[in-house]
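Secondary and tertiary structure notes
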Amino acid sequence: FHRTVLQLVSNEKISGECQMKDQKDTYGFEVEAPANAAPFRLRLRQCYGRVRLTVPYRGEEAVEGVDDDVELLMPAVAGVPGMPLRSQALVQPLSEAPARYELVLLPPGPQQSPIEMPDDTSLTRMADGSFQFFAAAVKVSAFDGPPPEVTLRHTLVAFSQEESALHANSTCGLAEAL
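Notes on the structure follow.

**Points about the pattern of salt bridges**
Oppositely charged side chains can pair when the atoms bearing their charge come close. Under the criterion given, the structure shown has two salt bridges. Measuring nitrogen to oxygen at the nearest pair gives 3.7 Å for the salt bridge that ties Glu17 to Arg100. A residue pair is termed long-range when its members are at least 10 positions apart, and Glu17 in strand 2 (residues 14-18) and Arg100 in strand 9 (residues 99-106) qualify at 83 residues. Of the residues examined, Glu17 reaches a relative accessible area of 24% and is grouped as partly exposed.

Rendered as C-alpha coordinates:
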(Lines give C-alpha, C1' and ligand atoms only; values in the text may rest on other atoms or scores of the structure.)
Protein backbone atom coordinates (compact mmCIF):
# COMPACT_ATOMS: atom_id res chain seq x y z
CA PHE A 1 0.00 0.00 0.00
CA HIS A 2 1.53 3.34 -1.10
CA ARG A 3 0.24 6.81 -0.39
CA THR A 4 0.74 9.88 -2.56
CA VAL A 5 4.39 10.99 -2.69
CA LEU A 6 4.92 14.04 -0.48
CA GLN A 7 7.86 16.38 -1.10
CA LEU A 8 10.32 17.00 1.73
CA VAL A 9 11.49 20.57 2.22
CA SER A 10 14.67 21.32 4.16
CA ASN A 11 14.07 21.88 7.90
CA GLU A 12 10.31 21.24 7.68
CA LYS A 13 9.18 18.40 9.93
CA ILE A 14 6.53 16.03 8.59
CA SER A 15 4.44 13.85 10.89
CA GLY A 16 3.27 10.53 9.50
CA GLU A 17 1.30 7.49 10.53
CA CYS A 18 1.32 3.99 9.08
CA GLN A 19 -2.13 2.44 9.57
CA MET A 20 -1.32 -0.96 8.03
CA LYS A 21 1.63 -3.32 8.45
CA ASP A 22 2.37 -3.38 4.69
CA GLN A 23 2.07 0.41 4.23
CA LYS A 24 5.01 2.37 2.79
CA ASP A 25 4.90 6.15 3.05
CA THR A 26 6.92 7.73 0.24
CA TYR A 27 8.59 11.14 0.40
CA GLY A 28 10.43 12.72 -2.51
CA PHE A 29 13.33 15.13 -2.16
CA GLU A 30 15.89 16.94 -4.30
CA VAL A 31 19.11 18.35 -2.89
CA GLU A 32 22.14 19.89 -4.59
CA ALA A 33 25.64 18.65 -3.91
CA PRO A 34 27.00 20.84 -1.13
CA ALA A 35 30.27 22.71 -1.69
CA ASN A 36 31.59 21.44 1.65
CA ALA A 37 32.00 17.79 2.57
CA ALA A 38 29.06 17.73 5.00
CA PRO A 39 26.10 15.73 3.66
CA PHE A 40 22.36 16.36 3.84
CA ARG A 41 20.64 14.10 6.38
CA LEU A 42 17.20 12.64 6.91
CA ARG A 43 16.17 12.47 10.57
CA LEU A 44 13.58 9.87 11.54
CA ARG A 45 12.04 9.94 15.01
CA GLN A 46 9.71 7.18 16.13
CA CYS A 47 6.76 8.37 18.19
CA TYR A 48 4.70 5.23 18.65
CA GLY A 49 5.49 1.83 17.20
CA ARG A 50 8.58 0.94 15.19
CA VAL A 51 9.36 2.25 11.71
CA ARG A 52 12.29 2.02 9.30
CA LEU A 53 13.57 4.63 6.84
CA THR A 54 14.97 3.41 3.52
CA VAL A 55 16.59 5.60 0.84
CA PRO A 56 17.11 3.52 -2.32
CA TYR A 57 19.89 4.52 -4.76
CA ARG A 58 20.17 3.51 -8.41
CA GLY A 59 22.89 0.89 -8.75
CA GLU A 60 23.81 1.25 -5.08
CA GLU A 61 22.75 -0.38 -1.85
CA ALA A 62 19.90 1.24 0.01
CA VAL A 63 20.71 3.35 3.05
CA GLU A 64 18.54 2.51 6.06
CA GLY A 65 17.98 3.88 9.53
CA VAL A 66 15.74 3.36 12.55
CA ASP A 67 15.24 6.35 14.88
CA ASP A 68 18.42 7.96 13.63
CA ASP A 69 19.96 10.46 11.21
CA VAL A 70 20.67 8.96 7.78
CA GLU A 71 23.36 10.66 5.69
CA LEU A 72 22.38 11.03 2.04
CA LEU A 73 24.90 9.65 -0.43
CA MET A 74 25.48 12.14 -3.21
CA PRO A 75 26.07 11.01 -6.83
CA ALA A 76 29.59 10.01 -7.90
CA VAL A 77 30.12 13.55 -9.18
CA ALA A 78 29.37 15.02 -5.76
CA GLY A 79 30.93 18.39 -5.24
CA VAL A 80 30.08 19.52 -8.77
CA PRO A 81 27.93 22.64 -8.27
CA GLY A 82 24.35 22.21 -9.38
CA MET A 83 24.47 18.39 -9.50
CA PRO A 84 21.26 17.43 -7.71
CA LEU A 85 20.34 14.22 -5.99
CA ARG A 86 16.71 13.27 -6.64
CA SER A 87 15.44 10.35 -4.66
CA GLN A 88 12.74 9.10 -2.38
CA ALA A 89 12.60 8.17 1.26
CA LEU A 90 10.39 5.24 2.23
CA VAL A 91 9.02 4.84 5.75
CA GLN A 92 7.47 1.52 6.68
CA PRO A 93 6.39 -0.05 9.97
CA LEU A 94 8.45 -2.74 11.68
CA SER A 95 5.75 -3.46 14.25
CA GLU A 96 2.01 -3.80 14.29
CA ALA A 97 0.17 -0.71 13.12
CA PRO A 98 -0.45 2.03 13.89
CA ALA A 99 3.06 3.45 13.89
CA ARG A 100 3.58 7.22 14.19
CA TYR A 101 6.78 9.07 13.29
CA GLU A 102 8.38 12.39 12.36
CA LEU A 103 10.69 12.93 9.38
CA VAL A 104 12.78 15.99 8.49
CA LEU A 105 15.36 16.77 5.78
CA LEU A 106 18.37 18.46 7.41
CA PRO A 107 20.81 20.65 5.43
CA PRO A 108 24.60 20.22 5.73
CA GLY A 109 26.26 21.56 8.83
CA PRO A 110 25.81 21.15 12.54
CA GLN A 111 22.31 21.27 13.99
CA GLN A 112 22.81 23.11 17.23
CA SER A 113 20.02 23.45 19.70
CA PRO A 114 20.00 26.46 22.00
CA ILE A 115 18.99 24.05 24.78
CA GLU A 116 21.73 22.08 26.53
CA MET A 117 20.55 18.88 28.14
CA PRO A 118 22.18 17.73 31.40
CA ASP A 119 24.62 14.81 31.37
CA ASP A 120 22.59 13.02 34.05
CA THR A 121 18.94 12.72 33.01
CA SER A 122 17.85 10.46 35.85
CA LEU A 123 14.97 11.24 38.19
CA THR A 124 15.68 10.61 41.89
CA ARG A 125 13.00 10.13 44.51
CA MET A 126 13.99 11.86 47.73
CA ALA A 127 13.23 10.63 51.29
CA ASP A 128 10.43 13.20 51.66
CA GLY A 129 8.64 11.86 48.55
CA SER A 130 9.70 14.70 46.25
CA PHE A 131 11.69 14.19 43.06
CA GLN A 132 15.02 15.72 42.06
CA PHE A 133 16.45 16.07 38.56
CA PHE A 134 19.08 18.12 36.74
CA ALA A 135 17.50 20.75 34.52
CA ALA A 136 18.27 21.74 30.96
CA ALA A 137 19.97 25.11 30.39
CA VAL A 138 20.19 27.70 27.63
CA LYS A 139 23.46 27.63 25.63
CA VAL A 140 24.52 31.26 25.36
CA SER A 141 27.01 30.35 22.60
CA ALA A 142 24.12 29.29 20.31
CA PHE A 143 23.10 32.91 19.72
CA ASP A 144 24.69 35.59 17.57
CA GLY A 145 24.93 38.60 19.85
CA PRO A 146 23.28 38.79 23.25
CA PRO A 147 20.89 35.92 23.97
CA PRO A 148 17.19 36.71 24.29
CA GLU A 149 15.51 36.51 27.67
CA VAL A 150 14.53 32.87 28.06
CA THR A 151 12.50 30.99 30.64
CA LEU A 152 12.61 27.20 30.69
CA ARG A 153 9.66 25.32 32.15
CA HIS A 154 9.82 21.65 33.04
CA THR A 155 6.94 19.20 33.05
CA LEU A 156 7.26 15.76 34.57
CA VAL A 157 5.52 13.11 32.49
CA ALA A 158 5.09 9.58 33.85
CA PHE A 159 3.76 6.64 31.86
CA SER A 160 3.73 2.88 32.14
CA GLN A 161 6.91 1.05 31.18
CA GLU A 162 4.65 -1.73 29.89
CA GLU A 163 3.76 0.49 26.89
CA SER A 164 6.71 -0.80 24.82
CA ALA A 165 5.55 0.84 21.56
CA LEU A 166 5.91 4.33 23.05
CA HIS A 167 9.17 6.22 22.42
CA ALA A 168 9.68 8.72 25.22
CA ASN A 169 13.06 9.86 23.82
CA SER A 170 11.32 12.01 21.21
CA THR A 171 9.05 15.03 21.46
CA CYS A 172 6.34 13.28 19.46
CA GLY A 173 6.66 10.20 21.72
CA LEU A 174 6.02 12.34 24.77
CA ALA A 175 3.01 13.90 23.03
CA GLU A 176 1.71 10.35 22.43
CA ALA A 177 2.18 9.58 26.14
CA LEU A 178 0.06 12.57 27.08
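**Regarding the packing of aromatic side chains**
Enumeration according to the criterion identifies one aromatic pair in this entry. A ring pair is formed by Tyr27 and Tyr101, whose centres lie 6.5 Å apart and whose planes are at 85°; its orientation type is edge-to-face. On the criterion of sequence distance, the pair formed by Tyr27 in strand 3 (residues 25-32) and Tyr101 in strand 9 is long-range, its members being 74 residues apart. Take Tyr27: its relative accessible area is 0%, and that puts it in the buried class.

**Looking at the side chain of Glu102**
For Glu102, the position within the fold is in strand 9. Ignoring sequence-local partners within four residues, the contact set of Glu102 consists of Lys13, Ile14, Ser15, Arg43, Leu44, Arg45, Cys47 and Cys172.

**A word on the sheet that holds strand 2**
Read from one edge of the open sheet, four strands run 2-9-4-7, paired in antiparallel fashion. In this open sheet, the two strands that pair with only one neighbour each are strand 2 and strand 7 (69-71). Mean inter-strand twist for the sheet, computed between neighbouring axes without regard to direction, equals 25°. With five bridges connecting them, strand 2 and strand 9 associate as antiparallel partners. Looking across to strand 9, one finds that Glu17 is bridged to Arg100.

What counts, and at which threshold
- Residues numbered from 1 in each chain as written.
- Predicted model: local features only at pLDDT ≥ 70, side-chain atom pairs only at ≥ 80, totals over all residues.
- Heavy atoms only, no water.
- Salt bridge = Lys/Arg side-chain N within 4 Å of Asp/Glu carboxyl O.
- Helix = DSSP H or I, 4+ residues; strand = E, 2+ residues; numbered from the N terminus.
- Buried < 20%, exposed > 50% of the residue type's maximum accessible area, 1.4 Å probe, protein only.
- Phe/Tyr/Trp six-rings, centres within 6.5 Å; stacked < 30°, edge-to-face > 60°.
- Contact = heavy atoms within 4.5 Å.
- Pairing = 2+ DSSP bridges.
- Axes fitted to C-alpha atoms, helices over the stretch in contact; angles between N-to-C directions.

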